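Remarks on the overall topology
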Amino acid sequence: MAVGTMRYWAAAKEAAGTAEEPYDAATLAEALRRARERHGDSIRFGAVVANCSFVVDGDPVGRRDHTAITLTEGGTVEVLPPFAGG
């Protein structure tokens, strides 16, 4: 397990009701599962996050399997919803 920070941007921030929160997980998949559980009362959170891109410690995840993305102690996960205009 690793402890770090998950940062939400734009619509993800609005759906989560916070700009950032800690993660305590070994993989990106586990961190996202726990975030969905934590924000289960938000109607939009799951739908927004399902359409997001992720950057882990400055490295874009792209289409890689989230179970294969190992999180680091003190790391950062950026949760980026799609947006227009660049």
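The structure under discussion appears in the preceding block.
The structure contained in this document is the topic of the report that follows.

This part takes up the packing of aromatic side chains. Per the stated rule, a full pass over the model turns up 1 aromatic pair. Considering the side-chain rings of Tyr-8 and Phe-45, the 5.8 Å spacing of their centres and the 80 degrees angle between planes classify their relative orientation as edge-to-face. Linking Tyr-8 in strand 1 (residues 2–8) with Phe-45 in helix 3 (residues 45–50), this pair joins segments that are 37 residues apart in sequence. In this structure, Tyr-8 and Phe-45 share a single accessibility class: buried.

All right, on to the nonpolar core then. In terms of nonpolar packing, the biggest core is built from 23 residues, with Met-6, Tyr-8, Leu-28, Phe-54, Leu-71, Val-77 and Val-79 touching the most fellow members. Looking at this core, the elements with two or more residues in it are strand 1, helix 1 (10–16), strand 2 (20–25), helix 2 (28–38), helix 3, strand 3 (53–56) and strand 5 (76–80). Per-element tally for this core: the top contributor is helix 2, with 4 residues. Filtering out sequence-adjacent residues up to four positions away, Val-79 remains in contact with Met-6, Arg-7, Tyr-8, Trp-9, Ala-12, Cys-52, Ser-53 and Phe-54.

To continue, consider the side chain of Glu-21. Along the chain, Glu-21 falls in strand 2. You can call Glu-21 buried: its relative accessible area is 11%. A polar contact of 3.2 Å, which involves the side chain of Glu-21, links it to the side chain of Arg-38. Polar contacts involving the side chain of Glu-21 include one to the side chain of His-39, which spans 3.0 Å. Residues contacting Glu-21, with those up to four places away along its chain left out, are Gly-4, Thr-5, Met-6, Tyr-8, Ala-35, Arg-38 and His-39.

Thresholds applied
- Residues numbered from 1 in each chain as written.
- Predicted model: local features only at pLDDT ≥ 70, side-chain atom pairs only at ≥ 80, totals over all residues.
- Heavy atoms only, no water.
- Phe/Tyr/Trp six-rings, centres within 6.5 Å; stacked < 30°, edge-to-face > 60°.
- Helix = DSSP H or I, 4+ residues; strand = E, 2+ residues; numbered from the N terminus.
- Buried < 20%, exposed > 50% of the residue type's maximum accessible area, 1.4 Å probe, protein only.
- Core = buried A, V, L, I, M, F, W, Y, C linked by side-chain atoms within 4.5 Å.
- Contact = heavy atoms within 4.5 Å.
- Polar contact = N/O pair within 3.5 Å; in protein donor to acceptor, adjacent residues only side chain to side chain.

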